[in-house]
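# Residue-level structure breakdown
Spelled out from the first residue to the last, the chains are:
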Amino acid sequence: MTIDPSKLRPATRLVQGGVRRTAYGETAEALFLTSGYVYDDAEQAEATFQGTVEHYQYSRFGNPTLTMLEDRLCLVEGAEACRTTATGMAAVNAALLAHLKAGDRVVASRALFGSCHWIVSTLLPKFGIESVFVDGGNLAQWRDALSKPTNLVLLETPSNPMLDIVDLPAVAELAHAAGAIVVVDNVFATPLLQQPLTMGADVVVYSCTKHIDGQGRVLGGAILAGRKWINDVLQPFIRNTGPAMSPFNAWILLKGLETLALRVDAGCRAAETIAEFLASQAGVTRVWYPTRSDHPQQALAMKQMSAGGTVVTFEVAGGKDGAFRVMNGFELIAVSNNLGDSKSLATHPATTTHSKIGEAERVKLGISDGVIRLSVGLEDPEDLKDDLRRGLAAMNLAKAA
Ligand SMILES: *Cc1c(COP(=O)(O)O)cnc(C)c1O
């Protein structure tokens, strides 16, 4: 490409960003399924290892298909540098362990994805790293926790599954004053709806498994940040510990990015409609969606995000029994623990994704037994409403009987 890619508009970056064509002039991105590389001669191999010549060495450190994905993700996020990993959890783990050492201190919002919560609460303390949790929506708690020197802040906004919003610029300011870098898990917002690096975050992590693939095929993760941190802090960790993504998965994710804007846009519009529909249904006691007027942080959500996302969380009457009847009454919406898929998926967090954190922690997060997380897919929203009616009817009939 002869145009400066940073001058391109977002939709164009998703399709054309990072493309490197080989001598064959292929239209689609080439899939380099190779573990290693060969050199013209021994001198070139030596120069490569000395860093005086740029040449791929080994796919644990770099691969042209991964480079295309990383360059495209940088353009979409507006980041200087990116590294991809085999899963979203490998990305979170690498970002934290590459930066931290024994004696350091981490402050995190309590409402984290289950495995992120485990890393902060269980893994880090094993290596002598202190971890503190706060209610992400409560600035006074952030201020209090960050009144001591701190090395890293980890947060997720909107959070899973209750869609709490964290005030990114305010928390970033407190974190930086305490000496911490800010790592944001931006899965729920996707790079299209929210750009944390423009609001004070230092590192953004993704599970590419969710919307970036978006079609339920592969696992993947990404870490985006400034070039210096990626090269000096992250790259040695990745190179030597080996969480590398498969080139095949990178190729799938490049194709996923091409339709990301279309899918996220359709998913957000459907999710808004469905949130409105659910709020009017008998048996639904509460609906959470970031940009709705009944969301306690609507103003903040609208300031930080260009749309509310593709997940709607709602609570039904009758606790676990009620929620199970609703989910078992669906014909189209599948019971799953995944999200961000073209197929609509319903999750009962209390007994699946958030079962291991325990009842006391669930109460703090507001995850009651009647809560259902709905990841809205690409089906016709009218068919989804019909299916929600089916599920709710199954519950309401059981209640009346
Ligand atoms: C799914 C998810 C992860 C973990 O990603 P994997 O690709 O499953 O390892 C981390 N954070 C959030 C918010 C997620 O939804």
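So, how was this worked out
For every chain, the first residue of its written sequence is number 1, and the numbers climb from 1 along that sequence. Given that this is a predicted model, residues contribute local features only at a pLDDT of at least 70 and side-chain atom pairs are listed and counted only at 80 or more, while totals for whole chains, interfaces and linings are drawn from all residues. Heavy atoms from the whole structure form the basis of all side-chain values; hydrogens and water molecules are not counted. Numbering goes from the N terminus for both helices and strands, where a helix is a DSSP run of H or I of at least four residues and a strand is a run of E of at least two. For each residue, the accessible area found with a 1.4 Å probe, counting protein chains only, is set against the maximum for its type, and the residue is called buried under 20%, exposed over 50%, and partly exposed in between. For this analysis, residues touch if any pair of their heavy atoms sits within 4.5 Å. In short, Shrake-Rupley with a 1.4 Å probe defines the accessible areas, and a residue's cover is counted only from the protein chains shown. In this tally Asp and Glu are treated as negative and Lys and Arg as positive; neither His nor the chain ends contributes. Where a charge sits is defined by one atom per residue type, namely NZ (Lys), CZ (Arg), CG (Asp) or CD (Glu). Source of the domain bounds: an automatic or database domain assignment. Joining two parts hides part of their accessible area as seen by a 1.4 Å probe, and the buried area is that hidden amount summed over both. What counts as an axis is a line fitted to C-alpha atoms, over the stretch in contact for a helix, and the angles between N-to-C directions run from 0 to 180 degrees. Relative orientations are named as follows: roughly parallel for angles under 35 degrees, roughly antiparallel for angles over 145 degrees, roughly perpendicular for angles from 65 to 115 degrees, and oblique for any other angle. All amino acids are sorted into three groups, where Ala, Val, Leu, Ile, Met, Phe, Trp, Tyr, Cys and Pro are nonpolar, Asp, Glu, Lys and Arg are charged, and the leftover types, Gly among them, are polar. Residues are labelled near a given molecule or strand when at least one of their non-hydrogen atoms is within 4 Å of it. Take the far helix as your reference; a near helix turned counterclockwise from it by less than a right angle gives a left-handed crossing, and one turned clockwise gives a right-handed crossing. Two strands are counted as paired when DSSP detects at least two bridges linking them. Salt bridges are defined as contacts in which a side-chain nitrogen from Lys or Arg sits within 4 Å of a carboxyl oxygen from Asp or Glu. The nonpolar core is taken to be a set of buried Ala, Val, Leu, Ile, Met, Phe, Trp, Tyr and Cys residues, with the residues joined through side-chain atoms within 4.5 Å.

Moving on, we get to the overall build of the chain. Assigned secondary structure in the chain consists of 15 helices and 12 strands. By principal-axis analysis of the C-alpha atoms, the chain measures approximately 80 × 50 × 35 Å. Considering the chain as a whole, with its 401 residues, one finds that 53% of them fall into the buried category. Look at the contacts in the chain between residues 6 or more apart in sequence, and 72% of them connect residues 24 or more apart. Summed over all atoms, the accessible surface of the chain reaches about 17,100 Å², with 53% contributed by carbon and sulfur. If you average the places of the 36 positive and of the 42 negative side-chain charges in the chain, the two averages end up 2 Å apart.

Segmenting the chain into domains produces domain 1 (5–258) and domain 2 (261–400). Centre-to-centre, using C-alpha coordinates, domain 1 lies 28 Å away from domain 2. Listed per partner, the contact involves 35 residues of domain 1 and 36 residues of domain 2. Summed over both partners, the interface of domain 1 with domain 2 buries about 2,900 Å², with 60% contributed by carbon and sulfur atoms. Taken as a group, M162, I165 and L193 account for 25% of the area that domain 1 buries against domain 2, more than any other trio of residues on that side.

The axes of two packed helices give the description: the angle between them and the distance between them. Here helix 4 (residues 88–99) crosses helix 9 (residues 227–241) at 105°, and the two axes come no closer than 9 Å. Here helix 9 runs roughly perpendicular to helix 4, going by the angle between their axes. Of the residues in helix 9, those in contact with A94, A95, L97, A98 and H99 of helix 4 are W229, V233, L234 and F237. Counted by class, the contact of helix 4 with helix 9 contains eight nonpolar, one polar and no charged residues.

The subject of this paragraph is the site of the ligand. Around the ligand, the structure places T87, G88, M89, F113, E156, D185, V187, S207, T209, K210 and G220. When the residues that make up the shell around the ligand are grouped by side-chain class, the tally is three nonpolar, five polar and three charged.

Here we come to the packing of helix 4 against helix 5 (residues 114–126). For the pair helix 4 and helix 5, interaxial distance at closest approach is 10 Å and the crossing angle is 35°. Crossing handedness for the pair helix 4 and helix 5: right-handed. The segment helix 4 lies against helix 5, with M89, V92, N93, L96 and L97 engaging S115, C116, I119, V120, L123 and L124. The class makeup of the residues in the contact of helix 4 with helix 5 is nine nonpolar, two polar and no charged.

Ordered by their spatial adjacency, seven strands build an open sheet running 1-7-6-5-4-2-3, and the pairing between neighbours is mixed. Strand pairing shows two members of the sheet lacking a second neighbour, strand 1 (81–85) and strand 3 (130–134), which therefore form its edges. Across the sheet, the mean angle from the axis of one strand to that of its neighbour is 20°, orientation sign disregarded. Taken together, the five bridges between strand 1 and strand 7 (residues 221–225) define a ladder with antiparallel strand orientation. For T84, the partnering residue across the bridge sits in strand 7 and is A222. Here helix 5 sits on the sheet and contacts strand 2 (105–109), strand 3, strand 4 (152–156) and strand 5 (181–185); the angle it forms with strand 3, its principal contact strand, is near 150°.

A few words now on unusual backbone geometry. The general pattern is negative phi for most residues beyond glycine and trans for most peptide bonds. Of note, the bond from T157 into P158 is cis; its omega dihedral lies within 30 degrees of zero at -5°. You can see P158 is positioned in the loop between strand 4 and helix 7 (168–177). P161 follows N160 through a cis peptide bond whose omega is 0°. Within the fold, P161 resides in the loop between strand 4 and helix 7. Backbone geometry at L163 places phi at a positive 60°, although glycine is not the residue there. Even without being a glycine, T190 presents a positive backbone phi close to 65°. Note on placement: T190 falls in helix 8 (residues 190–193). Taking the relative accessible area as the measure of exposure, T190 reaches 2% and is therefore buried.

Think of it this way: side chains of opposite charge can pair up when their charged atoms draw near. Enumeration according to the criterion identifies 21 salt bridges in this entry. Note that E258 and R72 form a salt bridge whose closest N and O atoms lie 3.9 Å from each other. Placement of E258 in helix 10 (residues 247–258) and of R72 in helix 3 (residues 64–77) is noted, with a sequence separation of 186 residues between them. Overall, R72 belongs to the buried group, its relative accessible area being 0%. A salt bridge links R389 to D386; its shortest N-O distance comes to 2.8 Å. Note that R389 and D386 are positioned in helix 15 (residues 381–400) at a spacing of three residues, about one turn of the helix. The structure contains a network of salt bridges with shared partners spanning E29, R72, K255 and E258.

What follows is about the nonpolar core. Of all hydrophobic cores here, the largest spans 57 residues; its most connected members are L278, F314 and L388. For this core, the element with the most residues is helix 11 (residues 260–279), which contributes nine residues. When residues of this core are sorted by domain, at least three fall in each of domain 1 (5–258) and domain 2 (261–400). Among residues more than four places away in sequence, those in contact with F314 are L278, V284, R286, V287, W288, G370, V371, I372, L374 and L388. L112, F133, V205 and W229 belong to the second largest nonpolar core, which has 31 residues in total.

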